[in-house]
Every structure is written in structure tokens, then in C-alpha cells.
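Geometric and topological summary
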Amino acid sequence: MRLLLIEDDPMVGEAVSVAMRAEGHVIDWVRSREDGDTAVRGHDHDAVLLDLGLPDGDGLALLRSLRARGNHVPVLVITARDALDQRVAGLDAGADDYLLKPFAVDELLARLRALQRRLGGRASERLEIGAVVIETATRQVTVNGDPVTLSAREWAVLEPLVARPGAVLSRAQLEDRLYGWGESVNSNAVEVHIHHLRRKLGSAFIRTVRGVGYMVAGS
Ligand code: CA
């Protein structure tokens, strides 16, 4: 997933960024309401992690203006405000879920997965495509019943493809899943990961659509 974190607390921001990257997600981190507002306008993120107490304004106001513009990006509010009325206000403003500080990073990851499943309308976490079986929640992959180990970056490339079997994703769209802002892009990275994935999952599992991108066939 490509995530946007709007959070001014350096310790929380650092911990969340490190944990998300370790899971193979790309995370863009901004520290103010204004930068958050610019970031949500400029990029497609799979989800936004939003702190409410920002130095230059209220995260709730940012969320309200986002929804008022018709932006439906999933928003998970992370905040120290534990009063009931604040939680209700957050949900009323259009938050999809809520996480109170301090939280365990594992819980944040689990909530993100739940959010992704809910919004993706995916009933099952188990995908079976030919000889390949993928459990998306645990990232367990088997080929003909034999377990296969994928790196975090290989998973980052594979996940959006298996999330929408039959849909073609461009190299640029897959690069978006590998790199955050300011990270230098290795022009071969997507090809290299696809090459490794094909070696592990079978050469026909990911198809090249010439001039367009890559796709995983439906089951
Ligand atoms: Ca804050």
C-alpha cells in the first residue's frame, strides 16, 4: 500500500514509518495540516493516517474539507484524544476507523488490512489462482502446496496485482508501491521484482501486457 501519514509527533511518526516500510508499504510522511492538505490533493494514496492535533490546525477540519471535496480516500484517525465526543466527531467527519494513542504497531497494521478488505469488497483473504494460493492477511504463499518466501518489496509489487485479478497495472503504478517521495527510483526495480516473482510463482503467473503493464489472470 502507499500510505500518507499526517503526524507532527516525531516519535510516533518515526515508529509508524519504520514499521510500515518493514511491511513493504510505501509511506509519505508530512507534519502539518497544510502539507497534509497539499499531499492529499497531489497523490493517490491507498489510505491516510491522520493525527488530529496538528501544529497549524485541527486534523478534523482537514478531514471535513477532504470529504466536502468528494475525496473518499480511506482515513484512519490516530489520536490521543480519547473523549467519546471526539471519537464521534471524527467518525461524523468521515473517518473510516479510529486508533487511540498509544497503540501497538501490530494493531495499526491489522486495522489497515481490515480497512483494505472492507473497502476492496474482498470477502475472502484467500486467493487461489492456478497452482498458487495466497493468504493476503498473513502473506503466506504456496505453489502446489509448497511454501514460497517473498521479500517485502516483492510483496509490494504482487499485492496490488492480486488485489484486482485481470486488471493491468502500469510500471509507474507499481513503482508507486515501491518508493516514497524523495527516494531515488531504480528504473529496473519493477522488472527485477517481477522477474523474481515469476521464478517463484511460475513464469505465467504475472503476464506482461506489451506497452501497458502487468496483470495477474483471474482464477
Ligand atoms: Ca499531534
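In the block above lies the structure referred to throughout.
As a starting point, this report considers the structure included with it. (Residues numbered from 1 in each chain as written. Predicted model: local features only at pLDDT ≥ 70, side-chain atom pairs only at ≥ 80, totals over all residues. Heavy atoms only, no water.)

**Quick look at the pairing of strand β1 (residues 2-6)**
Here β1 lies mainly inside the structure; five of its five residues are buried. The side-chain alternation of β1 yields two buried faces, one formed by R2, L4 and I6 and the other by L3 and L5. In this region the chain leaves β1, passes through helix α1 (residues 10-22) and returns to the parallel neighbour strand β2 (residues 26-30); the handedness of that crossover is right-handed. In this sheet, strand β3 (residues 47-51) lies alongside β1 in parallel orientation, the contact comprising four bridges. Across the sheet, the residue bridging to L3 is A47, located in β3. (Buried < 20%, exposed > 50% of the residue type's maximum accessible area, 1.4 Å probe, protein only. Helix = DSSP H or I, 4+ residues; strand = E, 2+ residues; numbered from the N terminus. Right-handed = clockwise from strand over helix to strand, strands pointing away. Pairing = 2+ DSSP bridges.)

**Section: helix α2 (residues 33-42)**
All of the buried residues along α2 are G36, D37, A39 and V40. Around the axis of α2, the buried residues are gathered within 165 degrees of arc, so they sit on the same side. Across α2 from its buried face, at more than 90 degrees, point the exposed residues E34, T38, R41 and G42. In this structure, the buried residues of α2 make contact with β1, β2, β3 and α3 (59-68). (Arc of directions from axis to C-beta. Contact = heavy atoms within 4.5 Å.)

**Section: the coordination of the calcium ion**
Ideal coordination angles are 109.5 degrees for a metal with four donors arranged tetrahedrally and 90 or 180 degrees for a metal with six donors arranged octahedrally. Surrounding the calcium ion are the protein donor atoms D8 (OD), D51 (OD) and G53 (O), at 2.2 to 2.4 Å. For G53, a relative accessible area of 36% gives the class partly exposed. (Donors = N, O, S within 2.8 Å, 3.2 Å for Na, K, Ca; no water.)

**Structural notes on the environment of V185**
Position of V185 relative to the elements: it lies in the loop between α7 (171-176) and α8 (189-201). It is 7.9 Å that separates the C-alpha atoms of V185 and E175, two residues lying 10 residues apart in sequence. Residue contacts for V185: discarding those within four places in its chain leaves E175 and Y179.

**Observations concerning a negative patch on the surface**
On the surface, D8, D9, E34, D35 and D56 cluster together into a patch of negative charge. Tracing the backbone through its elements, the reader meets D9 in the loop between β1 and α1. (Patch = residues over 30% accessible without salt bridge, like charges linked within 9 Å, V, L, I, M, F, W, Y side chains within 5 Å. Areas by Shrake-Rupley, 256 points an atom, 1.4 Å probe, with all protein chains shown as cover. Salt bridge = Lys/Arg side-chain N within 4 Å of Asp/Glu carboxyl O. Lys, Arg positive; Asp, Glu negative; His and termini not counted. Charge placed at Lys NZ, Arg CZ, Asp CG, Glu CD.)

**Concerning the pattern of salt bridges**
A side chain of one charge can pair with a side chain of the opposite charge if their charged atoms are brought near each other. A complete count under the given rule lists 16 salt bridges for this structure. The closest approach of N and O atoms between D37 and R69, which form a salt bridge, is 3.7 Å. You can see D37 sitting in helix α2 and its partner R69 sitting in the loop between α3 and β6 (75-79), a full 32 residues away along the chain. D37 sits in the buried class, given a relative accessible area of 18%. We classify R69 as partly exposed; its relative accessible area is 36%. With its nearest N and O atoms 3.0 Å apart, the salt bridge here joins R171 to E191. Taken together, the residues span a long stretch of sequence, with R171 in helix α7 and E191 in helix α8 at a distance of 20 residues. By relative accessible area, which is 30% here, E191 ends up partly exposed. Through salt bridges with shared partners, one network takes in R2, D28 and D176.

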